[in-house]
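Here's the letter readout for the chains.
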Amino acid sequence: MSNPHVVVIGGGYAGVMAANRMTKRADVAITLVNPRDHFVERIRLHQLAGGTSSAVVAYADVLAERVRLVVDAVSAIDAGARTITLASGAEMAYDYLVYAVGSAGTALVPGAAEHAYGISTFEEATRLKAALDAAPADAPVVVVGGGATGIEVSAELAEAGRRVALVCDDLGPSLHEKARRVVRRDLRRLGVDLLEGARVTEVLPGHVRLDDGRELPGSVTVWTAGFAAPGLARAGGLTTDELGRLVTDETLTSVDDDRIIATGDAAAPSGMGYRMSCQAANQLGPLAGDTVLTRLAGASPEPVSVGFVGQCLSIGRSRGVMNLTRRDDTAVVGRVTGVAGAKIKELICGGTVSALAKEARRPGSAFVLPDRGRSERVSATAVRPLVEGAAR
């Protein structure tokens, strides 16, 4: 009998962690399929756009030697046949599939797809950098979206001397109000023009149109408003939530197929997905690997949960905000700001890569902070209404 074969789709934080964790078992063949031959530090993509980081790491530095890397994209999943089809046309069989495709930006207003630049993937950030390099130094830049990505790219570009306007409904909505005040102050110190309570209704060449009819000049428009998982699972007939994440039980196992395990940004356990972040991905990844190993051993996996400790943002290279949170990711008043905040953010960025490398060398070493209250929240929530809008 041949060794069981586990295929991991996606080589981001969660996918690499899951692949590394499964090397605990020597008889498992593990293949990681990823469209790039290098690991992308997604939390540094705003630095790539601003020219202060390459945002890439060699897979040799973070992926266990036993994991076979296939550089290709996955175009289809056939759960019934337990196969995936690659963009190259090849077909690959699996015994278990780890779905770790991550997330990407969504552009939902007219003209955004044609005239705005995303920054959720390496390719998008590279195109954005090229557009910025080609634009005059004083060309106006419009950033749409007030979440972490919008804040960080606005600060990075403004610190580099760009004229930046940030348009958003609400600035840092997941942060505590006192942390938001710090972010607002630091962005303004960098010269960012904040347009809060505004929405972009159309992106046109050279400008954007706001919901009040105003037009804002933007030689380069950066779209950071909203993220969703790719449509691969949905196209394969699997149940997904409204953001395209694979709906699973609390062990990260697909509600449709116990041979498919989801993790990271692409997972929605009990229809209650975690905030899309490397903080969640670096913990969900090894837990997904454990679920596969437990099933391979013929046992029933335990429910998983991950806890959060804070939300950390860089405000350029010299300042930052670390907003402490409860385990359920609810922001509290505690925060570290300024130079100390920037140093903490840099430690976190470096630490995520170090954690991947450590798990590659010593599978089972990754730190997971449990959220003891999640099971109660799941029990108290009527899961069916959350999933009724799911797609098959």
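Numbering of residues starts from 1 in every chain and runs along the sequence as written. For this predicted model, a pLDDT threshold of at least 70 governs which residues receive local features, and a threshold of 80 or more governs which side-chain atom pairs are given and counted, while totals over whole chains, interfaces and linings are taken from all residues. Side-chain metrics rest on all non-hydrogen atoms present in the structure, leaving aside hydrogens and water.

**Topic: the side chain of Thr221**
Piece 1. Helix and strand definitions follow DSSP, with helices as H or I runs of at least four residues and strands as E runs of at least two, each counted in order from the N terminus. Looking at the secondary structure, you find Thr221 in strand β18 (residues 220-223).
Piece 2. Categorising residues by exposure relies on relative accessible area from a 1.4 Å probe, with only protein chains included: less than 20% of the type maximum marks a residue as buried, more than 50% marks it as exposed, and the intermediate range marks it as partly exposed. Accessibility expressed as a relative area gives 2% for Thr221, which makes it buried.
Piece 3. In this description, contact between two residues means that some pair of their heavy atoms is separated by no more than 4.5 Å. Apart from residues lying up to four places away in sequence, Thr221 is in contact with His115, Ala116, Tyr117, Val142, Val144, Val203 and Val208.

**Regarding the pattern of salt bridges**
Piece 1. In the sections that follow, a salt bridge refers to a side-chain nitrogen of Lys or Arg positioned within 4 Å of a carboxyl oxygen of Asp or Glu. Inspection of every chain in the model, using the stated rule, returns 24 salt bridges.
Piece 2. Between Asp186 and Arg185 there is a salt bridge; the shortest N-O distance is 3.1 Å.
Piece 3. Since its relative accessible area comes to 34%, Arg185 is described here as partly exposed.
Piece 4. The salt bridge involving Asp241 is made with Arg245; its shortest N-O contact spans 2.8 Å. Neither residue differs from the other here; Asp241 and Arg245 are each classed as buried.

**A look at the sheet that holds strand β1 (residues 5-9)**
Piece 1. With parallel pairing, 5 strands are arranged side by side in an open sheet as β5-β2-β1-β9-β21. The open sheet terminates on both sides in strands that have one partner only, identified here as β5 (68-71) and β21 (260-262). Direction aside, neighbouring strands of the sheet carry axes that sit 20° apart on average.
Piece 2. Note that β1 and strand β9 (residues 96-99) share 4 bridges and pair parallel. Bridging from a neighbouring strand, Val6 pairs with Tyr96 of β9.
Piece 3. Whenever a helix is involved, its axis is fitted only over the stretch in contact; in every case the axis is a line through C-alpha atoms, and angles between N-to-C directions fall within 0 to 180 degrees. Lying on the sheet, helix α1 (residues 13-21) is in contact with β1, β2 (29-34) and β9; it crosses β2 at an angle near 165°.
Piece 4. Taken strand by strand, helix α9 (residues 278-296) contacts β1, β9 and β21, and its axis lies near 160° from that of β21. Pairing between two strands requires that DSSP report at least two bridges joining them.

**Considering the environment of Lys343**
Piece 1. Residue placement: Lys343 occurs in helix α10 (residues 338-361).
Piece 2. Residue Lys343 is classed as exposed on the basis of its relative accessible area, which comes to 57%.
Piece 3. Lys343 sits 42 residues away from Pro301 along the chain, and the two C-alpha atoms are 38 Å apart.

**Concerning empty space enclosed by the protein**
Piece 1. Cavities and pockets were defined on a 1 Å grid built over protein atoms only: a cavity is a set of grid points that admits a 1.4 Å probe from which the probe cannot escape, a pocket is an open set flanked by protein on both sides within 12 Å along at least five of seven lines, and lining residues are those with an atom within 4 Å of any such point. Grid points are joined across faces, edges and corners, and a volume is the space filled by probe spheres set on the points. Evaluated as defined, the whole model comprises 1 cavity of 30 Å³ or more.
Piece 2. Estimated volume of the largest cavity: approximately 60 Å³.
Piece 3. If you trace the largest cavity, you find it lined by Ile43, Arg44, His46, Gln47, Ser314, Gly316, Arg317, Ala342, Lys345, Glu346 and Cys349.
Piece 4. Sorting the residues of the lining of the largest cavity by element identifies α2 (45-50) and α10 as the ones contributing at least two each.
Piece 5. Among the elements that make up the lining of the largest cavity, the one with the highest residue count is α10 (4 residues).

**A look at α10**
Piece 1. In a regular helix each residue adds 1.5 Å, so 24 residues correspond to 34 Å; α10 covers 35 Å between its end C-alpha atoms and thus fits that length.
Piece 2. Buried within α10 are the following residues: Gly338, Gly341, Ala342, Lys345, Cys349, Thr352, Val353, Leu356, Ala357, Glu359 and Ala360. Here a helix's expected span is defined as the number of its residues, less one, multiplied by 1.5 Å.

**A word on the layout of surface pockets**
Piece 1. A volume near 280 Å³ is recorded for the second largest pocket.
Piece 2. Around the second largest pocket, the lining comprises 17 residues; the ones closest to its centre are Glu250, Glu302, Pro303, Val304 and Ser305.
Piece 3. Breaking the lining of the second largest pocket down by element, the ones donating at least two residues are α9 and α11 (374-380).
Piece 4. Broken down by element, the lining of the second largest pocket gets its largest block of residues, 4 residues, from α9.
Piece 5. Grouping the constituent residues of the lining of the second largest pocket by class yields 7 nonpolar, 4 polar and 6 charged. Amino acids outside the nonpolar list (Ala, Val, Leu, Ile, Met, Phe, Trp, Tyr, Cys, Pro) and the charged list (Asp, Glu, Lys, Arg) are all regarded as polar, and Gly is one of them.

**Quick word on the pairing of strand β16 (residues 207-210)**
Piece 1. Going residue by residue along β16, you find Val208 and Leu210 tucked away on one face and His207 and Arg209 left uncovered on the opposite face.
Piece 2. Counting the residues between successive antiparallel strands, the hairpin from strand β15 (residues 200-204) to β16 contains 2 residues, one of them, Gly206, with a positive phi of roughly 85°.
Piece 3. Looking at chain direction, β16 and strand β17 (residues 215-217) are connected through 3 bridges and run antiparallel. Paired with Arg209 across the two strands is Glu215, which belongs to β17.
Piece 4. The hairpin turn running from β16 into β17, its antiparallel successor, is 4 residues long, and Gly213 in that turn takes a positive phi close to 95°.

**Some details on the nonpolar core**
Nonpolar side chains tend toward joint burial in soluble globular proteins.
Piece 1. We define a nonpolar core as any set of buried Ala, Val, Leu, Ile, Met, Phe, Trp, Tyr and Cys residues linked to one another through side-chain atoms lying within 4.5 Å. In this structure, Val6, Val8, Val16, Met22, Phe39, Val62 and Val292 are the most contacted members of the largest nonpolar core, which totals 43 residues.
Piece 2. Elements with a minimum of two residues in this core: β1, α1, β2, α3 (59-62), β9, α9 and α10.
Piece 3. With 9 residues, the top contributor of residues to this core is α9.
Piece 4. Those residues in contact with Val16 that sit more than four places away from it in its chain are Gly10, Gly11, Leu32, Phe39, Tyr59, Val62, Leu63 and Leu356.

**So, the packing of α1 against α9**
Piece 1. Packing of α1 against α9 leaves a shortest axis separation of 7 Å and a crossing angle of 35°. Crossing handedness for the pair α1 and α9: right-handed. Residue-level inspection shows Tyr13, Ala14, Met17, Ala18 and Arg21 of α1 in contact with α9, the latter providing Cys278, Ala281, Asn282, Gly285, Pro286, Gly289, Asp290 and Leu293.
Piece 2. Tallied by class, residues from the contact of α1 with α9 come to 8 nonpolar, 3 polar and 2 charged. Handedness of a crossing is defined here by the sense of rotation of the near helix relative to the far one, left-handed for an anticlockwise turn of less than a right angle and right-handed for a clockwise turn.

**A closer look at the sheet that holds strand β25 (residues 331-337)**
Piece 1. Taken in spatial order, the 3 strands line up as β23-β24-β25 in an open sheet, and their pairing is antiparallel. Taken across any chain shown, the strands that pair with only one partner, and hence form the sheet edges, are β23 (310-315) and β25. When strand polarity is set aside, the average angle formed by the axes of neighbouring strands in this sheet is 20°.
Piece 2. Bridging between β23 and strand β24 (residues 319-325) involves 6 bridges; their strand directions are antiparallel. Bridge assignment links Gln311 to a residue of β24, and that residue is Asn323.
Piece 3. The strands that helix α7 (residues 177-189) touches are β23, β24 and β25; relative to β24, the one it contacts most, it runs at about 170°.

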